[in-house]
Amino acid sequence: ETGVTQTPRHLVMGMTNKKSLKCEQHLGHNAMYWYKQSAKKPLELMFVYSLEERVENNSVPSRFSPECPNSSHLFLHLHTLQPEDSALYLCASSKFRDRAISYEQYFGPGTRLTVT
Amino acid sequence: TQLLEQSPQFLSIQEGENLTVYCNSSSVFSSLQWYRQEPGEGPVLLVTVVTGGEVKKLKRLTFQFGDARKDSSLHITAAQPGDTGLYLCAGARGTPGSSNTGKLIFGQGTTLQVKP
């Protein structure tokens, strides 16, 4: 595998289910991101992890819970979601440059989530 | 709130035509990136511009960063059906070497359709 991979690619879940999205990067990067992409809206940054430490949490509801066990893996745990949470969830990664996170991000293909 | 506004939001043209997509803001960015996203995939980085007035070319694509680093444009010459996709601009605040979270501000995107 190369680049950034995400599984599953498609997920349909009920409002009472618990599921997890997985992201893996094979680029040797140090920072990972979760984004939400809804129709006709800009990409919304949800979480940022730098060296496995969460450095940004953009007022995301607690029904979304991220986990970053190491610099190559990122999870998004989902529970009691709402229909308006249906969207494409994108994972991205970037590397450090000059002791700061590079702004050049590499995205996975996304997980298309439908909440029924 | 920092906003990046892209125009037009949707563009449908014939193969061989030229087009320009604009990305405007009232805020200054340290760098700006352009991504292309195809259906069912994540965004792919095309270019990063850093210096005010900078022009970069990628085959038939020409990217320009405004002198004041508040706006950018993407010009495509002789568009081809393979250019079809969602074009996203994204701006970064912060300077290299300083602490930052790699946070990007995304525009809402321009959907380009090139008909054969």
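Residues numbered from 1 in each chain as written. Chains lettered and ligands numbered in written order. Predicted model: local features only at pLDDT ≥ 70, side-chain atom pairs only at ≥ 80, totals over all residues. Heavy atoms only, no water.

## Brief notes about the overall build of chain A
When helices and strands are tallied, chain A shows zero helices and 13 strands. The order of α-helices and β-strands along chain A, N terminus first, is β-β-β-β-β-β-β-β-β-β-β-β-β. Along the first, second and third principal axes, the C-alpha set of chain A runs to 45 × 30 × 30 Å. Sorting the 116 residues of chain A into buried and exposed places 49% on the buried side. Taking contacts inside chain A between residues at least 6 apart in sequence as the whole, the part at least 24 apart equals 55%. When the accessible surface of chain A is totalled, it reaches about 5,500 Å², and 47% of it is carbon and sulfur. (Helix = DSSP H or I, 4+ residues; strand = E, 2+ residues; numbered from the N terminus. Buried < 20%, exposed > 50% of the residue type's maximum accessible area, 1.4 Å probe, protein only. Contact = heavy atoms within 4.5 Å. Areas by Shrake-Rupley, 256 points an atom, 1.4 Å probe, with all protein chains shown as cover.)

## Here we look at the sheet that holds strand 8 (residues 73-79) of chain A
All names here are of chain A. Strand order in the open sheet formed by four strands is 1-3-8-7, and the pairing between neighbours is antiparallel. The sheet terminates laterally at strand 1 (4-7) and strand 7 (64-70), the two strands that pair on one side only. Strand after strand, the sheet turns through a mean of 20° between neighbouring axes, direction not considered. In this sheet, strand 3 (residues 18-25) lies alongside strand 1 in antiparallel orientation, the contact comprising four bridges. Counted as the bridge partner of Q6 is C23 from strand 3. (Pairing = 2+ DSSP bridges. Axes fitted to C-alpha atoms, helices over the stretch in contact; angles between N-to-C directions.)

## Things to note about the confidence of the model for chain A
Per-residue confidence for chain A gives a mean pLDDT of 90, with 94% of residues at or over 70. The spread of mean pLDDT over the elements of chain A runs between strand 11 (residues 100-101) of chain A, the lowest at 62, and strand 1 of chain A, the highest at 97. (pLDDT = per-residue confidence, 0-100.)

## Things to note about the environment of Q14 of chain B
All names here are of chain B. Positionally, Q14 belongs in strand 2 (residues 10-14). Take Q14: its relative accessible area is 39%, and that puts it in the partly exposed class. Every residue in contact with Q14, bar those within four places of it in the chain, is listed here: V114, K115 and P116.

## A closer look at the sheet that holds strand 7 (residues 61-65) of chain B
Pairing between sheet strands relies on hydrogen bonds along the backbone, with the strands arranged either parallel or antiparallel. All names here are of chain B. If you trace the five strands from one edge of the open sheet to the other, you get 1-3-8-7-6, paired in antiparallel fashion. In the strand order of this sheet, the two ends are held by strand 1 (5-7) and strand 6 (55-58), each with one partner. Averaged over all pairs of adjacent strands, the angle between strand axes in this sheet comes to 15°, irrespective of strand direction. Pairing of strand 6 with strand 7, which is carried by four bridges, proceeds in the antiparallel orientation. Considered in strand 7, the bridge of K56 is made with F63.

## Re the pattern of salt bridges
With the rule as written, the count across this model stands at four salt bridges over all chains. Measuring nitrogen to oxygen at the nearest pair gives 3.4 Å for the salt bridge that ties E44 of chain A to K41 of chain A. We classify E44 of chain A as partly exposed; its relative accessible area is 29%. Judged by relative accessible area, K41 of chain A falls into the partly exposed class, the value being 42%. For R60 of chain B, the salt bridge goes to D83 of chain B, with nearest N and O atoms at 2.9 Å. Highlighted residues: R60 of chain B in the loop between strand 6 and strand 7 and D83 of chain B in the loop between strand 8 (71-76) and strand 9 (85-92), separated in sequence by 23 residues. For R60 of chain B, a relative accessible area of 23% gives the class partly exposed. (Salt bridge = Lys/Arg side-chain N within 4 Å of Asp/Glu carboxyl O.)

## Remarks on the packing of aromatic side chains
Note on aromatic pairs: each is described by the distance of the centres and the angle between the planes. Using the criterion set out here, one finds eight aromatic pairs over all chains in the structure. Ring plane angle 35° and centroid distance 5.8 Å describe the contact between F64 of chain A and Y89 of chain A, whose orientation is recorded as tilted. Separated by 25 residues along the polypeptide, F64 of chain A in strand 7 and Y89 of chain A in strand 9 (residues 87-94) bring together distant segments of the chain. For F64 of chain A, a relative accessible area of 6% translates into the label buried. For Y89 of chain A, a relative accessible area of 0% translates into the label buried. Members of the aromatic cluster, each reached through a chain of ring pairs, are Y33, Y35 and F107 of chain A together with Y35 and F106 of chain B. (Phe/Tyr/Trp six-rings, centres within 6.5 Å; stacked < 30°, edge-to-face > 60°.)

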